[in-house]
Structure formats: C-alpha cells, structure tokens
Amino acid sequence: MASTDRKVANGEDNAVFSLRRERGLASSYLYLFQEFWCPGIAIEGVKSFQKCFQAKHGDVVVASFPKTGTTWLIALTFATVNRQHFSAENHPLLTSNPHTLVSCLEFKIFCDDIHDPVLHLSNMIEPRLFSTHTPFTSLPKSLTESNAKIIYICRNPFDTFVSAWTYFNKIRSTMSLPALELEEAFEMYCNGVVSFGPWWSHMLGFWKESLVRPKKVMFLKYEDLMENVNFHVKKIAEFLGCPFTAEEESDGVIESIIKLCSFEKMKDLEVNISGKLDKIIDNKLFFRKGEIGDWINYFSPSLIQKLSKIIEEKLDGSSLSFKMYS
Ligand code: A3P
C-alpha cells in the first residue's frame, strides 16, 4: 500500500484524511489537494518539493500533464543541454530511460527514495534538469520566482485520454487489478478526476504563464513537436540560452539529437524493452504508439461530442486550441 494510503487507513495523517478522495485511473486514490487531484503516493513529495526546493540559476524543469509526451521532451531537453558532453555513439540515452536521467521532483527527489533531497540537489551537476507533473499554481515560489526555465508540453486531450487509459490499465494489470472499461475511465477524465487533473486547469496554468512570461515558460504541444521537431528543438535550445551554432547545424547535431530521441529509436533500446523505472514500472510502458490521432480508433460519436464540448467550454477565451487530426 502506498505510504499516504497506509497513513490514511491507519488514521495517522489527519491532514490527508480530511481531503476529499476519489478513485482515479490508477490503482490508488486521488486526493483533492490544493485544487488538483493528487495521487496519494505523491502528496508528501509535492509538500516537500514546495517546502524545500531551492531553485538555482540555470535550472530547467520539464513540466507536463501525464501521458502528453513527457518522456520525449525530457530526452530532447537532456540531449540538447548536454550535447557537448556526449557523442551519439556513447550517449547515456542509449542505456538509460530518460526518466532515470531526469528525475521527477515530486515522485523521485522529494519522495521516500532519496534520503537527503536537499543534499542530493546541492550535489547535482549543473545545469540541473528535473521533471514535474505539479500544476503551475502549486509550484514552489522558489521555482516560479527564480530565473529557472520551465518547458511545458501538452497534447490533444483526445489522444491524452487514450494514452492514459491504456497506460493505467497496464499498471493495474501488473497489480492484478481489473482493467477499467473505456466508458468508466472516460467519465473520470471528463470530470477531471485524473492524476494532477483537471487536465484543463493544468494546461491553462502553464499556458497563461507562458503568455505573461514567455522567457520563463515555454509552452509546447506534442502535435507541433511531431510536425516539425527540428524547428522546436532549435527553439528549445534558444529558450534555454544554448542555441545551436551554424557549425553544429551543418554538422548534423540537431538531426542526431532528433534521431536519438525518436520513438522508433527509443522503444527498441534494450533498456526500454526490459528495464524498469525504480524497479517498479516497466520502461516499455512509456512507449506505446507515439502517434497523433490514434483516439479515432476508440471514440464513438457521442464520446467525441462530449469531450469536444468540454474542451470548448474549459478553454473558452484562453486562445489555446487543439487540432483534431482525424
Ligand atoms: P501513446 O500512448 O499515444 O503512444 P508520457 O511520456 O508523458 O508518459 O507520454 C507517453 C506518450 O508519449 C505515449 O503516447 C508514448 O508512446 C509517447 N512517446 C514516448 N516516447 C516518445 C518519443 N520519443 N516520441 C514520440 N512519442 C513518444
């Protein structure tokens, strides 16, 4: 049982005990914490992240809603920032899953795994790279008010749903839990009751900040990255203050980063076929189809209508929109 769930069961954690909770797509409960649905196992991590994280100049945080392309963006960012240190033939991304190279702040660094997170953070090689699913409004001030950079990725909510539903059902099966029917999972998704959701608030938090402070928050869409990854890798490098030189461009450095981080390359690496993240999650679960528009294979007309209406209502007036790709 996850630590927060256990504490709740034992009545040990009154603060968590008082939070509203619902069943989410994954196996454990989601708790309504600071206006988002936080997985039980991440509550302590989010709290410590908020309390103890001290941003440093040069820090880079890849932020995302789960199943929107986090793994891809982490890999691209890691390869771009560290391009002076590693050759394409001997690159850490060939032998390590991207999530091992760039740790998640609330799930890894500030969770039970690392004995002394503050010491660990102060010993990290700079620039430090992290990932997070924590919504913008719950990020520590030390991060939002510093010069650290945030790159956010989001994805068409239709494809995000299919990716999340299939992923969490695989996680459930590893725990011998019954799979959720599509309709049941869809209802949770439409109510926003998914890890770190509602998804619309998550996107809008980062979207609004990227409009107000474009030098601080870069906002990307999975679909845009897929359509022109070369253009976006260059933008990422510029945003992070390490633009590619003309020589690097002509030497094919950008192309080799794109190839190294491509879905086809990453999914066939031994580490991503048989390895596990933190001895728990099969790395292969991070690589399913890597396509845009796969949702069309799952949605009935009534589900399309329902989700389209929610997107329209929730994103109304925000200037954020998604193409349907069908
Ligand atoms: P699908 O389930 O639609 O295939 P996250 O990394 O946030 O968990 O998102 C997972 C989604 O990104 C999955 O989508 C996965 O296949 C896709 N993905 C993983 N690595 C990718 C890569 N290198 N390029 C493109 N898509 C990738």
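Only a predicted model underlies this, so the values are computations on that prediction, with no experimental measurement involved.

Draft legend 1. Here's a closer look at the pairing of strand E8 (residues 217-221). Among the five residues in E8, five count as buried, and that is most of the element. Neither face of E8 is open: one carries Val 217, Phe 219 and Lys 221, the other Met 218 and Leu 220, and all of them are buried.

Draft legend 2. Here's a closer look at the site of the ligand. Every one of the 17 residues lining the ligand counts as a neighbour, but Thr 70, Thr 71, Ser 163, Arg 288 and Lys 289 are closest to it. At 2.5 Å from an oxygen atom of the ligand is found a side-chain nitrogen or oxygen belonging to Thr 71. Between the ligand and the protein, one listed contact pairs an oxygen atom with a side-chain N or O atom of Ser 163 at 2.6 Å. Contact with the protein chains covers 97% of the free accessible surface of the ligand, which is 570 Å². Considering every element that reaches the shell around the ligand, the biggest residue donor is helix H4 (residues 70-81), with three residues. For the shell around the ligand, the class distribution of residues is six nonpolar, seven polar and four charged.

Draft legend 3. Highlighting the pattern of salt bridges. Applying the stated criterion across every chain, the model contains 16 salt bridges. Salt-bridge contacts for Glu 187 lead to Lys 306; the nearest nitrogen and oxygen are separated by 3.3 Å. Of the two residues, Glu 187 is situated in helix H10 (residues 182-190) and Lys 306 in helix H18 (residues 301-315); the sequence distance between them amounts to 119 residues. On the basis of relative accessibility, which here comes to 37%, the residue Glu 187 falls in the partly exposed class. Of the residues examined, Lys 306 reaches a relative accessible area of 32% and is grouped as partly exposed.

Draft legend 4. Representation of the packing of H10 against H18 in the model. It is at 11 Å that the axes of H10 and H18 come closest, and there the two elements cross at 10°. Put simply, H10 runs roughly parallel to H18. Viewed along their axes, H10 and H18 form a crossing whose handedness is left-handed. Here H10 contributes Leu 182, Phe 186, Glu 187, Tyr 189 and Cys 190 to the contact with H18, which in turn contributes Leu 303, Lys 306, Leu 307 and Ile 310. When the residues that make up the contact of H10 with H18 are grouped by side-chain class, the tally is seven nonpolar, no polar and two charged.

Draft legend 5. Layout of unusual backbone geometry. Put simply, Glu 126 and Pro 127 share a cis peptide bond, and its omega is 0°. With omega at 0°, the peptide bond leading from Gly 197 into Pro 198 counts as cis. Structurally, Pro 198 is set in the loop between H10 and helix H11 (199-212). Phi at Gln 34 is positive, roughly 50°, even though this residue is not glycine. Structurally, Gln 34 can be placed in the loop between strand E2 (29-33) and strand E3 (36-39). Using a relative accessible area of 39% as the deciding quantity, one classes Gln 34 as partly exposed. The backbone of Ser 319 shows a phi angle near 70°, a positive value even though the residue is not glycine. Within the fold, Ser 319 resides in the segment after H18.

Rules behind the numbers
- The residue count restarts for each chain, going from 1 along the sequence in the order it is written.
- A pLDDT threshold of at least 70 governs which residues receive local features in this predicted model, and a stricter bar of 80 or more applies before side-chain atom pairs are shown or counted, although totals over entire chains, interfaces and linings include all residues.
- As a rule here, side-chain values come from all non-hydrogen atoms in the structure, and water together with hydrogens is ignored.
- Only protein chains enter the calculation, and the probe is 1.4 Å; a residue is then buried if its accessible area is under 20% of its type maximum, exposed if over 50%, and partly exposed in between.
- For helices the rule is a DSSP run of H or I covering at least 4 residues; for strands it is a run of E covering at least 2, with both sets numbered from the N terminus onward.
- Only heavy atoms are used to decide nearness, and a residue is near a molecule or strand if one of them lies within 4 Å of it.
- The term polar contact refers here to a pair of N or O atoms within 3.5 Å; inside protein, the definition further demands a hydrogen-donor-capable atom paired with an acceptor-capable atom, and it admits residues adjacent in sequence only when both atoms are side-chain atoms.
- Accessible surface area values rest on a Shrake-Rupley calculation with a 1.4 Å probe, where residue burial reflects the displayed protein chains alone.
- Amino acid classes used here: Ala, Val, Leu, Ile, Met, Phe, Trp, Tyr, Cys and Pro are nonpolar; Asp, Glu, Lys and Arg are charged; the rest, including Gly, are polar.
- Any carboxyl oxygen of Asp or Glu that lies within 4 Å of a side-chain nitrogen of Lys or Arg is treated as forming a salt bridge with it.
- Every angle, taken between N-to-C directions, lies between 0 and 180 degrees, and every axis is a line fitted to C-alpha atoms, over only the stretch in contact when it is a helix.
- What sets the label is the angle itself: under 35 degrees gives roughly parallel, over 145 gives roughly antiparallel, 65 to 115 gives roughly perpendicular, and the rest give oblique.
- Handedness of each helix crossing follows the sense of rotation of the near helix against the far helix: counterclockwise by less than a right angle gives left-handed, clockwise gives right-handed.
- Here, residues are in contact when the closest pair of their heavy atoms is within 4.5 Å.

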